[in-house]
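Take a look at the letters that make up each chain.
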Amino acid sequence: MSSTNINIIDSSIAAIVARLFTHPLDTIRVLAQTTLSTPSYSYPSLISNTKSSPDRVKHIYYFFKSTIQKNPVIQVIRQTPIKNLYNGLPIATILGIPSTSSFLFVYDTFKYRLSSNFNIKDDRMLNHILSGTFAEIISGMFWTPMEVIKSKLQASGTNFQFREIKNECLNKEFVSQKNFTDKRITSSYIGRNGNINTFEISNHIFKEEGLRGFYRGYFITLAVFIPHSVTYFVIYEKCKIWGRAKYLKKNELSNSIDLPFSSYLLYSGFSCAIAASVSNVLDIVKTRTQVSSHESITIDDTGKLHSIKNLPREIIKNMYKYEGGLRAFAKGMSSRILWAVPSSSISMAVFEVLKDRRNKINLEKV
């Protein structure tokens, strides 16, 4: 079997293992980012005007309690049945294999080609930047349809209250998630029987928007994940270089430069936490673009319904206006990190260990 085929198998195994372990966290991330909530307000004047210490402590206690209860992640965990956290798992597994496989395979192959053919050594930052960018562009062709379908499935199968919007508002059948601000409603399609499955949602997307509907948010996905991947791989590769140097210093008699599984987990998790934090702002916009239909409804101050195109700039404007200003763009950051770190750590660590084992077998044969 060729090294290319083995590389693809390694990355596929890594994709399956990571998805099975981290899919519920991914569902929590999607729900946290797409839940509309009122801005959180503090009570500094109330606290400062309270004369007695017990009353002041009481107000501070209730303030922090209210803040925690309004946290989107806490709301999602409390209101979502465990079985619904696995919504979208089949489609995520089926399309996630070529997505993750192509990403890891293209990155690893492109990094090697840049080093051997263009003399851009694989320990240089430029190599990591170019390899990560190219891998994201190619894998995005698989990632985007998966994210569009999976995110809709994840966002639709919860026990949040929904309110119906009359057909004449948009001349389409929609059910909208309850809007906590009474200002803005984002619509997502729910089947006539109140349930939703992969076939129904795929059929609806194709009828409404054609093939391009499955690639909704492709370019904003690149805008999110190219900086994410570049940040991740630059830090991760530097960590590996540092780790190998430290490992060889400890084990001077060893000729192996392979790192242990735990090191790959640690370096990948650390790199991903930083990258996920940096790219969270645009990831919220991407997720809402993909979850919603091609139109949304806004409600003005007079209660009148308006249909708007669900463009990224409109989503950004409405998030800033109705959901707490800049604070809205940090929504779901904790859930995103909680999902991305184990997902990236497991997939990369499994891939690296399998690759190291394959290289060791090949050397022994020689």
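Here the structure is a predicted model, which is why all the values come from computation and not from measurement.

## Section: the UniProt feature "transmembrane region" (unreviewed entry) in the chain
The UniProt record marks residues 85-105 and 217-235 with the feature "transmembrane region" (unreviewed entry), using the residue numbering of this structure. Taken as a whole, residues 85-105 contains 81% helix and 0% strand, while its terminal C-alpha atoms sit 29 Å from one another. The distance from the first to the last C-alpha atom of residues 217-235 is 27 Å, and the span holds 95% helix and 0% strand.

## As for the environment of Gln75
Tracing the backbone shows Gln75 in helix α4 (residues 72-79). What makes Gln75 buried here is its relative accessible area of 15%. Measuring from C-alpha to C-alpha, the distance between Gln75 and Ala32 comes to 8.0 Å, with 43 residues separating the pair along the chain.

## Things to note about the packing of helix α10 (residues 261-291) against helix α11 (residues 312-322)
How two helices pack is summed up by the angle between their axes together with the distance between the axes. Contact geometry for α10 and α11: axes closest at 10 Å, N-to-C directions at 115 degrees. Regarding α10 and α11, the two cross each other, and that crossing is right-handed. Contacts between α10 and α11 involve Ile284, Val285, Arg288 and Thr289 from the first element and Pro312, Ile315, Ile316 and Met319 from the second. Split into classes, the residues belonging to the contact of α10 with α11 amount to 6 nonpolar, 1 polar and 1 charged.

## Considerations on the confidence of the model for the chain
On average, residues of the chain score 76 in pLDDT, and 71% of them reach the 70 mark or higher. The model gives residues 38-48 a pLDDT under 50, and that stretch makes 15 contacts with residues more than four places away or in other chains. In this model residues 158-193 is a low-confidence stretch, pLDDT under 50, and it forms 98 contacts with partners more than four residues away in sequence or in other chains.

## Structural notes on the packing of helix α5 (residues 89-117) against helix α9 (residues 218-250)
Two elements in contact, α5 and α9, have axes separated by 14 Å at closest approach and are oriented at 60 degrees. On the basis of the axis angle, α5 is oblique to α9. Of the two possible hands of crossing, α5 and α9 adopt the one that is right-handed. Packed against α5, whose contacting residues are Phe103, Tyr107 and Lys111, the element α9 presents Ser229, Phe233, Glu237 and Lys240 at the interface. Among the residues forming the contact of α5 with α9, the class breakdown is 3 nonpolar, 1 polar and 3 charged.

## A look at unusual backbone geometry
Of note in this structure, Asn119 is not a glycine but carries a positive phi near 60 degrees. Judged by relative accessible area, which is 51%, Asn119 ranks as exposed.

## Description of the nonpolar core
Judged by nonpolar contacts, the single largest core of 27 residues is most densely connected at Phe103, Leu104, Tyr232, Phe233, Tyr236 and Met348. Elements with a contribution of two residues or more to this core: α1 (3-34), α5, α6 (125-156), α9, α10 and α12 (333-365). Examining the composition of this core, we find that 7 residues originate from one element, α12, more than from any other. If you look at the next biggest cluster of nonpolar residues, it comprises 9 residues, including Val30, Val73, Val76 and Val291.

## A short note on the environment of Thr100
Position of Thr100 among the secondary structure elements: in helix α5. Classification of Thr100 as buried rests on a relative accessible area of 13%. In this structure Thr100 touches Ser11, Ala15 and Trp143, once residues within four positions along its chain are discounted.

## Regarding the pattern of salt bridges
Counted under the stated rule, the structure contains 17 salt bridges. We note a salt bridge from Lys150 to Glu147, for which the minimum N-O separation is 3.5 Å. Taken together, the positions of Lys150 and Glu147, both in helix α6 and 3 residues apart, correspond to about one turn of that helix. Judged by its relative accessible area of 0%, Lys150 is buried. In this structure Glu147 comes out as buried when scored by relative accessible area, which is 9%. For Glu147, the salt bridge is made with Lys286, and the minimal N-O distance between the two is 3.8 Å. Here the residue Glu147 occupies a position in helix α6, and Lys286 occupies one in helix α10, the gap between them amounting to 139 residues. Lys286 matches Glu147 in its accessibility class, with the two residues each being buried. Each of Arg19, Asp26, Arg29, Glu147, Lys150, Asp283, Lys286 and Arg336 takes part in a single network of salt bridges with overlapping partners.

Calculation rules
Residues numbered from 1 in each chain as written. Predicted model: local features only at pLDDT ≥ 70, side-chain atom pairs only at ≥ 80, totals over all residues. Heavy atoms only, no water. UniProt positions renumbered as here; feature names shortened; annotations may be inferred. Helix = DSSP H or I, 4+ residues; strand = E, 2+ residues; numbered from the N terminus. Buried < 20%, exposed > 50% of the residue type's maximum accessible area, 1.4 Å probe, protein only. Axes fitted to C-alpha atoms, helices over the stretch in contact; angles between N-to-C directions. Left-handed = near helix turned anticlockwise from the far one by under 90°. Contact = heavy atoms within 4.5 Å. Nonpolar A, V, L, I, M, F, W, Y, C, P; charged D, E, K, R; others polar. pLDDT = per-residue confidence, 0-100. Parallel < 35°, antiparallel > 145°, perpendicular 65-115°, else oblique. Core = buried A, V, L, I, M, F, W, Y, C linked by side-chain atoms within 4.5 Å. Salt bridge = Lys/Arg side-chain N within 4 Å of Asp/Glu carboxyl O.

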